[in-house]
Structures are given as structure tokens and as C-alpha cells.
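What follows is each chain in one-letter form.
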Amino acid sequence: NAGGKVTELATAIHLIGHKHRDAGTYESKEHLAEVKPFKDEINSMTKGAKKEAVELRIEHGRAAANAIKEEVKQDHGPNAKIVNVGHTAKPGDIPRFTRGVHNDDQTNTSDVAIEIAGSKKKAIKGNSDNTHFEGYSLKSSKKGGEITGKNAGPNMDGILDTPTRSLNADEVGRQAMK
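Remember, it's a predicted structure, so these values are computed and weren't measured experimentally. (Residues numbered from 1 in each chain as written. Predicted model: local features only at pLDDT ≥ 70, side-chain atom pairs only at ≥ 80, totals over all residues. Heavy atoms only, no water.)

Here's the deal with helix α2 (residues 29-45)
Here comes step 1: Between its terminal C-alpha atoms α2 stretches 24 Å, which fits the 24 Å expected from 17 residues at 1.5 Å a residue.
Here comes step 2: Every buried residue of α2 is accounted for by H31, E34, V35, F38 and I42.
Here comes step 3: Where α2 is buried, its residues meet α1 (2-23), α3 (51-76) and β1 (81-87). (Helix = DSSP H or I, 4+ residues; strand = E, 2+ residues; numbered from the N terminus. Expected span 1.5 Å × (residues − 1). Buried < 20%, exposed > 50% of the residue type's maximum accessible area, 1.4 Å probe, protein only. Contact = heavy atoms within 4.5 Å.)

Written out as C-alpha cells, the structure reads:
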């Protein structure tokens with residue numbers, strides 16, 4: 001669905017922002033060039049859409065990116081930095097993004113993936129540059145239920161809740177990460 005894709009793209013934009021803040025290159029030519037394709041795609045697919053609906057999806061992406069950034073610090077340590085961001089929702093995107101370290105399979109539902117340097121964890125075999133890859137599903141559903149562990153639910157302060165559905169995302173997400 002278009003709304004979900006806007007959230008995925010917005011999450012990637014905000015993760016790229018975190019990457020460039022950490023590198024001291026925020027709003028540089030490199031940063032602006034890196035986010036341009038994502039912004040262009042959002043603009044193209046939302047022509048004629050209600051501005052408030054688009055802004056809400058972009059806010060969902062910002063909140064997801066902030067939660068992912070916090071999870072990286074908690075899981076990989078204070079020196080961990082995001083060094084690469086990919087939109088990995090289509091078949092074949094994951095092996096391309098991870099340079100073949102990880103492959104697509106039916107259990108991998110990552111919409112957005114990041115590459116992390118400076119982790120306190122040992123890199124997996126086959127990744128000679130000592131970085132780590134993490135993937136995140138950003139799926140939302142009209143049905144009730146829990147968000148999966150790799151869905152960036154923590155610290156979203158109920159932003160995805162509706163009057164008829166409470167995702168309890170912070171509690172569920174934190175339990176899944178233990």
C-alpha cells in the first residue's frame with residue numbers, strides 16, 4: 001500500500017539523516033544527494049493525496065528511525081554508527097544491500113536495512129569489513145496483534161495507536177529484543 005511505502009521511504013530518509021549527523025555531514029551535498037531519490041519517490045507517489053495523511057506517514061517514519069537508532073545504541077554499544085541505509089522491501093534487495101552476506105528468504109521481512117560499524121559485537125562470518133546488518137519490518141495492519149521484534153516499536157509513544165487499537169508497541173518491542 002502507498003501509505004506503508006511512504007513510511008518505509010521516510011524511515012530511510014531519517015536513518016540517512018542519523019548517519020550524516022553522526023558523520024558530521026548533515027545537510028551536506030552528499031547527504032542531500034543520498035535522500036533525494038527517496039524524497040522524489042514520496043513526492044511522486046503522493047500527488048493528490050491529503051497532505052495531513054502524508055505528513056502522518058512521514059512522522060511514522062521519523063519515529064521508527066529514532067527507535068531504530070536507539071536500538072542500535074542499546075544492542076551494539078555507544079560507539080556504533082549507521083554507515084549505510086537501504087530500502088529492502090523488494091525481492092533481491094537484501095543480498096544487494098548486504099553484498100551477499102545475507103540472502104532473501106521467506107522469513108526475512110525487512111523493509112529497511114542498515115549497516116552498522118563500531119559494534120561491540122563480533123561480525124558474522126563472511127563479512128570481512130566487520131560491519132553488522134540489521135533489517136526492520138515496518139508493516140502495519142488494520143488487524144489487532146503484536147508487532148514483531150524487528151519492528152521498530154519502542155519509543156514510538158503510541159503514535160501508531162488508534163481509538164480502536166492499541167499496539168502496546170513499546171512493551172512488545174522491548175520484550176522481543178531481550
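Let's pick the thread back up.
Here's the deal with the nonpolar core
Here comes step 1: The biggest cluster of nonpolar side chains holds 22 residues, and the ones touching the most others in it are L15, F38, I42, I68, V72, V85 and I114.
Here comes step 2: Breaking this core down by element, the ones donating at least two residues are α1, α2, α3, β1 and β2 (112-117).
Here comes step 3: In terms of residue count, the dominant contributor to this core is α1 (7 residues). (Core = buried A, V, L, I, M, F, W, Y, C linked by side-chain atoms within 4.5 Å.)

Remarks on the pattern of salt bridges
Here comes step 1: Tallied over the full model, the rule gives 10 salt bridges.
Here comes step 2: The partner of K51 in a salt bridge is E55, with the nearest N and O atoms 3.8 Å apart. With a gap of 4 residues between them, K51 and E55 both fall in helix α3, about one helical turn apart.
Here comes step 3: Close ionic contact of E115 with R99 constitutes a salt bridge, the shortest N to O distance being 2.8 Å. Taken together, the residues span a long stretch of sequence, with E115 in strand β2 and R99 in the loop between α4 (93-97) and β2 at a distance of 16 residues.
Here comes step 4: Overall, the relative accessible area of 5% leaves E115 in the buried class.
Here comes step 5: Sharing partners across several salt bridges, the network here consists of R99, E115 and D129. (Salt bridge = Lys/Arg side-chain N within 4 Å of Asp/Glu carboxyl O.)

As far as function goes, none of this settles anything; it's purely spatial.
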